[in-house]
Amino acid sequence: MTTYWAELDTNNIVTQVITGVDDKTIDDIPTGDWYTNFVGAPCVQTWIDRDDKTYAGIGYTYSYDTQDFTAPPEPQPEPQPEPEPEPEPADEP
């Protein structure tokens, strides 16, 4: 079975999601620790098939308290400037 691991930056923001193996250990190292060593940044497991967990994506934030991910906020549209009013036609003599 395939597992998925989210690489985190220093603010617990996901920078990439990698595919892994479903083993408890790799080279006698716990799997999460092995992936952390492999990519050189903290890695936590994410699940694509669990209803009680959010599958991580780039930009998601990980909480160690809930052991789950939250999606980034939706980008807000840029405010558009009001259009300039049409100039009044000049009166012809």
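Residues numbered from 1 in each chain as written. Predicted model: local features only at pLDDT ≥ 70, side-chain atom pairs only at ≥ 80, totals over all residues. Heavy atoms only, no water.

**Thoughts on the nonpolar core**
Then step 1. By size, the foremost hydrophobic cluster in this structure holds seven residues: A6, L8, V14, V44, A56, Y62 and F69.
Then step 2. Look past the residues within four positions of A56 in its chain and what remains in contact with it is A6, V14, V17, T46 and F69.
Then step 3. In terms of nonpolar packing, the next biggest core, distinct from the first, is built from five residues, W5, I18, I26 and Y35 among them. (Core = buried A, V, L, I, M, F, W, Y, C linked by side-chain atoms within 4.5 Å. Buried < 20%, exposed > 50% of the residue type's maximum accessible area, 1.4 Å probe, protein only. Contact = heavy atoms within 4.5 Å.)

**Observations regarding unusual backbone geometry**
Then step 1. Positive phi is not limited to glycine here, since D27 has a value of about 55°.
Then step 2. Tracing the backbone shows D27 in the loop between β3 (25–26) and β4 (29–30).
Then step 3. For D28, which is not glycine, the phi dihedral falls at a positive 65°. (Helix = DSSP H or I, 4+ residues; strand = E, 2+ residues; numbered from the N terminus.)

**Observations regarding the pattern of salt bridges**
Then step 1. For the structure shown, the criterion picks out one salt bridge.
Then step 2. Measuring nitrogen to oxygen at the nearest pair gives 2.8 Å for the salt bridge that ties R50 to D52. (Salt bridge = Lys/Arg side-chain N within 4 Å of Asp/Glu carboxyl O.)

**With respect to the environment of I58**
Then step 1. Here I58 shows up in the loop between β5 (43–46) and β6 (61–63).
Then step 2. I58 gets classed as exposed once you look at its relative accessible area, which sits at 64%.
Then step 3. Along the sequence, I58 and E88 sit 30 residues apart, while their C-alpha atoms lie 52 Å from each other.

**Here we look at the confidence of the model for the chain**
Then step 1. Considering every residue of the chain, the mean pLDDT works out to 89; 98% of them sit at 70 or more.
Then step 2. Least confident of the elements in the chain is β3, whose mean pLDDT is 80; most confident is β6, at 97. (pLDDT = per-residue confidence, 0-100.)

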